[in-house]
Amino acid sequence: MITIYSVVGRILNAFHRLWSFFIKQYKLSKFQKVGANVWIGQGCHFTEDTIFIGDNVSIGRNCCFQSKHGRILIGNDVMFGPRVHIHGGNHQYKVIGIKLRDYRKDKNHDDGVVNIDSDTWIGAGSIILANVSIGKGAIVGAGSVVTKSVPPYAIVAGNPAKVIKFRFNQEEIREHERIIGYTRL
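- Labelled according to an unreviewed UniProt entry, the protein chain appears under the name Galactoside O-acetyltransferase, originating from Pseudidiomarina taiwanensis.

1. Some thoughts on the overall build of the protein chain
Right, on to step 1. Across its full length, the protein chain carries two helices and 17 strands.
Right, on to step 2. Dimensions along the principal axes, computed over C-alpha positions, put the protein chain at roughly 65 × 55 × 30 Å.
Right, on to step 3. Counting over 185 residues, the protein chain shows a buried share of 33%.
Right, on to step 4. In the protein chain, the proportion of contacts linking residues at least 24 apart, taken out of those at least 6 apart, comes to 23%.
Right, on to step 5. Summed over its atoms, the accessible surface of the protein chain is roughly 11900 Å², and 57% of this surface lies on carbon and sulfur atoms.
Right, on to step 6. Distance from the positive charge centre (24 side chains) to the negative charge centre (14 side chains) of the protein chain: 8 Å.

2. Observations concerning the pairing of strand β7 (residues 71-74)
Right, on to step 1. Burial along β7 is one-sided: Ile 72 and Ile 74 are buried, while Arg 71 and Leu 73, pointing the other way, are not.
Right, on to step 2. By the bridge criterion, three bridges tie strand β4 (residues 51-53) to β7 in an arrangement that is parallel. Residue pairing in the sheet places Phe 52 in a bridge with Leu 73 of β7.

3. Points about the domain arrangement of the protein chain
Right, on to step 1. With domains assigned, the protein chain is organised as domain 1 (1-30) and domain 2 (33-180).
Right, on to step 2. Centre-to-centre, using C-alpha coordinates, domain 1 lies 32 Å away from domain 2.
Right, on to step 3. With four residues of domain 1 in contact, the opposing surface of domain 2 contributes six residues.
Right, on to step 4. Interface area, domain 1 with domain 2, both sides summed: about 490 Å², of which 57% is carbon and sulfur.
Right, on to step 5. Sorting the residues of domain 1 by area buried against domain 2 places Lys 24, Leu 28 and Lys 30 first, and these three jointly supply 81% of that buried surface.
Right, on to step 6. Taken together, the connections running from domain 1 to domain 2 amount to zero salt bridges.

4. Thoughts on the sheet that holds strand β14 (residues 139-140)
Right, on to step 1. The seven strands lie next to each other as β2-β5-β8-β11-β14-β16-β17, forming an open sheet whose pairing is mixed. Lying at the two open borders of the sheet, with one neighbouring strand each, are β2 (38-40) and β17 (162-166).
Right, on to step 2. Taken together, the two bridges between strand β8 (residues 79-80) and strand β11 (residues 121-122) define a ladder with parallel strand orientation. Pairing of Phe 80 across the sheet is with Ile 122, part of β11.

5. Some details on the sheet that holds strand β1 (residues 33-34)
Right, on to step 1. The five strands are arranged β1-β4-β7-β10-β13 in an open sheet whose pairing can be described as parallel. The two strands at the open ends of the sheet, each matched to only one other strand, are β1 and β13 (133-134).
Right, on to step 2. Relative to strand β10 (residues 113-116), β7 is paired through four bridges, and the arrangement is parallel. Its bridge partner being in β10, Ile 72 is matched across the sheet by Val 114.

6. What to know about the pattern of salt bridges
Opposite charge on two side chains allows them to pair when their charged atoms are near.
Right, on to step 1. As enumerated under the stated definition, the model contains three salt bridges in all.
Right, on to step 2. Among the ionic pairs, Asp 119 bridges to Arg 167, the shortest N-O distance being 3.7 Å. Residue Asp 119 is found in the loop between β10 and β11, and its partner Arg 167 is found in the loop between β17 and α2 (170-180); the two are separated by 48 residues along the sequence.
Right, on to step 3. Given a relative accessible area of 19%, Asp 119 falls into the buried group.

Calculation notes
Residues numbered from 1 in each chain as written. Predicted model: local features only at pLDDT ≥ 70, side-chain atom pairs only at ≥ 80, totals over all residues. Heavy atoms only, no water. Helix = DSSP H or I, 4+ residues; strand = E, 2+ residues; numbered from the N terminus. Buried < 20%, exposed > 50% of the residue type's maximum accessible area, 1.4 Å probe, protein only. Contact = heavy atoms within 4.5 Å. Areas by Shrake-Rupley, 256 points an atom, 1.4 Å probe, with all protein chains shown as cover. Lys, Arg positive; Asp, Glu negative; His and termini not counted. Charge placed at Lys NZ, Arg CZ, Asp CG, Glu CD. Pairing = 2+ DSSP bridges. Domains from an automatic or database assignment. Buried area = accessible area lost by both parts, 1.4 Å probe. Salt bridge = Lys/Arg side-chain N within 4 Å of Asp/Glu carboxyl O.

In structure tokens, the structure reads:
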């Protein structure tokens, strides 16, 4: 038996989904560049105007990507678990006569680039810090703190993140890239 409550509930649910769709589209339009088939979970926060996102990227819930004075580049086919943080800058702490909280960067200050190459998986709760590159096909284990660049196809974990092993040997990498269509740079 259909009740007025179930009809109202369905209408409200449809309105909520439509509203969420428009909000998500608006947020996607704020990025510097965003590719096709990008999915962003709820509760994420970004400095959109400094972020470039490729195709087929999924970003889990409650992620925070920020780099006010730098750039964050995300390749194609990248997966982010929930609660991943990318902090593409740092505070200046060696300025004599200015308190840490009072120092302000100017527009010309460049915090560098965080580059996450294609076909990577960044595990839940990971933190990626400024001026780091994550190589093609790499995996960052859940809860890792990445302070240095990660080689292609490496699996890293820990705080600070260290290479545990590699996904493939050189012959397997060539075969993998041949099959999925990636070319080596």
